[in-house]
Amino acid sequence: MQRNVQSAYLAAEGFEKQLEQELEGIVDRRERLFLSDQPVQPAFWAQNIWRNPQVFEIESINHAARILKSIQRNWSLYSTSHHRRSTLIQEKLPHVSAKPLVFPATLPKAPLGAWTLLDQNLLLASADCSSPFANGEVVFEENRTGPPNRAYLKLWEALTLMEALPRQGEFCIDAGGSPGGWAWVLAKTGADVFCVDRAPLDERVMKLKNVDFEQGNAFNLKPEDFDFVDWLCCDVICYPEKLLGWITPWVESGKVRHMVVTLKFQGEPDYSVAGRFAGIPNSDLRHLFHNRHELTWMWKRGND
Ligand SMILES: C[S@@+](CC[C@H](N)C(=O)[O-])C[C@H]1O[C@@H](n2cnc3c(N)ncnc32)[C@H](O)[C@@H]1O
């Protein structure tokens, strides 16, 4: 049994292979949870990282609950076996609200640990997880009437994790923004949105008074053509290498305060470009709960 586990990683659903490829020292796997004998390491495809987990021998359901409660209040279960026993333990722990977030939302402040049963009498638990959400699932109360598609959920999630929002009158570029889910999110904050896409915007988004649309190639947008950009958002479908070449001058220009960019992968791609995005100072690159075969790069200018 794995007593030498130093870190554990919960893969985003469907992206277990990607996570497995990026991790060192895997000693065990429980469904989407990978256990490693190495200290915590970056893992873009992890939905939640369990730092310094501990293994506990448990004698009973009550004993397990006592151990967890003695460490901290809030725990989320990732159940991979002994489901009934696991549920009975979780039921003995203080209730943790699982209500969907209403955007704009703040991040939960109370620490949320994660645990699982490795065996009937062996519990793995981490009090220090990378995500404040149960199993990294950022669930929102959805808006089924405003946005033209579900892409808005990605931007809602990114802005929530960045703990930053565009403000009234700020200037946002939305590259590859059609049909307009992201433009809708940005416009609803009161910011001014300049959206560029080869395809037209949804009519309802086009009608929003603070959305300006230009049909064309977003990669023609260059920092020298703008005085200042508060938010540069990009959801263009293209090779991540091309995207890196496009955003680099924007980063170097010092004219942008925040960026949210989706890196989209197709087929059996070379993921090494992800490390180059992550290497840009002040970056946060990860697979969002609402991402598909893509990663989201979130960046804030250092001196703001
Ligand atoms: C995933 S969709 C964007 C969805 C959008 N963020 C939303 O919330 O509705 C990708 C968009 O990239 C656009 N696109 C692809 N290449 C482009 C380019 N070179 N310039 C501008 N738009 C491009 C496509 O037309 C498409 O609308």
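For the structure itself, consult the block above.
This structure is a prediction, so every number in the text was calculated from the model and none was measured.

A. View of the sheet that holds strand E9 (residues 128–129). Read across the open sheet, the 5 strands follow the order E2-E3-E1-E4-E9; overall the sheet is antiparallel. Edge positions in the open sheet fall to strand E2 (26–30) and E9, since each of these has one partner strand only.

B. Highlighting the packing of helix H4 (residues 152–162) against helix H5 (residues 181–188). Two elements in contact, H4 and H5, have axes whose closest approach is 7 Å; the angle formed by their N-to-C orientations is 45°. Considering their axes alone, H4 and H5 lie oblique with respect to each other. Contacts between H4 and H5 pair Tyr 152, Lys 154, Leu 155, Trp 156 and Leu 159 from the former with Gly 181, Trp 182, Trp 184, Val 185 and Leu 186 from the latter. Of the residues assigned to the contact of H4 with H5, the class counts are 8 nonpolar, 1 polar and 1 charged.

C. Structural context of the packing of helix H2 (residues 61–71) against helix H3 (residues 83–91). Two elements in contact, H2 and H3, have axes separated by 9 Å at closest approach and are oriented at 50°. The angle between H2 and H3 places the two elements in the oblique class. In the crossing of H2 with H3, the sense of the turn from one axis to the other is right-handed. Seen from H2, the contacting residues are Ile 61, Ala 64, Ala 65 and Leu 68; seen from H3, they are Arg 85, Leu 88 and Ile 89. Per-class residue counts for the contact of H2 with H3 are 6 nonpolar, no polar and 1 charged.

D. The nonpolar core, seen in detail. In terms of nonpolar packing, the biggest core is built from 44 residues, with Leu 19, Trp 246, Ile 247, Trp 250, Met 259, Phe 277 and Trp 297 touching the most fellow members. Counting contributing residues per domain, this core is built from domain 1 (7–136) and domain 2 (152–300), each supplying no fewer than three. Discounting residues that sit within four places of it in the chain, Met 259 has contacts with Met 162, Leu 232, Ile 247, Trp 250, Val 251, Trp 297, Met 298 and Trp 299. Phe 103, Tyr 152, Val 193 and Met 298 belong to the second-largest nonpolar core, a separate cluster that totals 36 residues.

E. Focus on the sheet that holds strand E16 (residues 294–300). Strand order in this open sheet of 7 strands is E12-E11-E10-E13-E14-E16-E15, and the pairing throughout is mixed. On the outer flanks of this sheet lie strand E12 (211–215) and strand E15 (283–286), each paired with one strand and no other. Strand after strand, the sheet turns through a mean of 15° between neighbouring axes, direction not considered. Pairing between E15 and E16: 4 bridges, direction antiparallel.

F. A look at the layout of surface pockets. Approximately 640 Å³ is the volume attributed to the largest pocket. If you go around the largest pocket, you meet 26 residues; those closest to its centre are Val 96, Ser 97, Ala 98, Leu 112 and Ala 134. The element that contributes the greatest number of residues to the lining of the largest pocket is strand E6 (residues 74–77), accounting for 4 residues. Grouping the constituent residues of the lining of the largest pocket by class yields 15 nonpolar, 7 polar and 4 charged. Reported here for the second largest pocket is a volume of approximately 560 Å³. If you trace the second largest pocket, you find 25 residues lining it, with Ala 151, Lys 154, Asp 235, Ile 237 and Lys 264 closest to the centre. Listing elements by their share of the lining of the second largest pocket, those giving two or more residues are H4 and H5. Per-class residue counts for the lining of the second largest pocket are 8 nonpolar, 9 polar and 8 charged.

G. Region of the structure containing the packing of aromatic side chains. Taken as a whole and assessed by the stated rule, the structure comprises 17 aromatic pairs. Relative to Trp 184, the ring of Trp 156 has its centre 6.2 Å away and its plane inclined at 40°; by these criteria the two rings are tilted. Placement of the pair is Trp 156 in helix H4 and Trp 184 in helix H5, with a sequence separation of 28 residues. We note that Trp 156, like Trp 184, is buried. With a centroid separation of 5.5 Å and 80° between ring planes, the pair formed by Phe 219 and Trp 246 is classed as edge-to-face. Here Phe 219 is found in the loop between E12 and strand E13 (229–234), whereas its partner Trp 246 is found in helix H7 (residues 240–253), with 27 residues between them in sequence. In this pair, the class of Phe 219 matches that of Trp 246, namely buried. Here the aromatic cluster, defined as three or more aromatic residues joined through ring pairs, consists of Phe 171, Phe 194, Phe 219, Phe 226, Trp 246 and Trp 250.

Conventions we followed
- Residues numbered from 1 in each chain as written.
- Predicted model: local features only at pLDDT ≥ 70, side-chain atom pairs only at ≥ 80, totals over all residues.
- Heavy atoms only, no water.
- Pairing = 2+ DSSP bridges.
- Helix = DSSP H or I, 4+ residues; strand = E, 2+ residues; numbered from the N terminus.
- Axes fitted to C-alpha atoms, helices over the stretch in contact; angles between N-to-C directions.
- Parallel < 35°, antiparallel > 145°, perpendicular 65-115°, else oblique.
- Contact = heavy atoms within 4.5 Å.
- Nonpolar A, V, L, I, M, F, W, Y, C, P; charged D, E, K, R; others polar.
- Left-handed = near helix turned anticlockwise from the far one by under 90°.
- Core = buried A, V, L, I, M, F, W, Y, C linked by side-chain atoms within 4.5 Å.
- Buried < 20%, exposed > 50% of the residue type's maximum accessible area, 1.4 Å probe, protein only.
- Domains from an automatic or database assignment.
- 1 Å grid on protein atoms, 1.4 Å probe; cavity = no way out; pocket = protein on both sides within 12 Å on 5 of 7 lines; lining within 4 Å.
- Points joined across faces, edges and corners; volume = space filled by probe spheres on them.
- Phe/Tyr/Trp six-rings, centres within 6.5 Å; stacked < 30°, edge-to-face > 60°.

Keep in mind that these numbers describe shape and distance, not what the molecule does.
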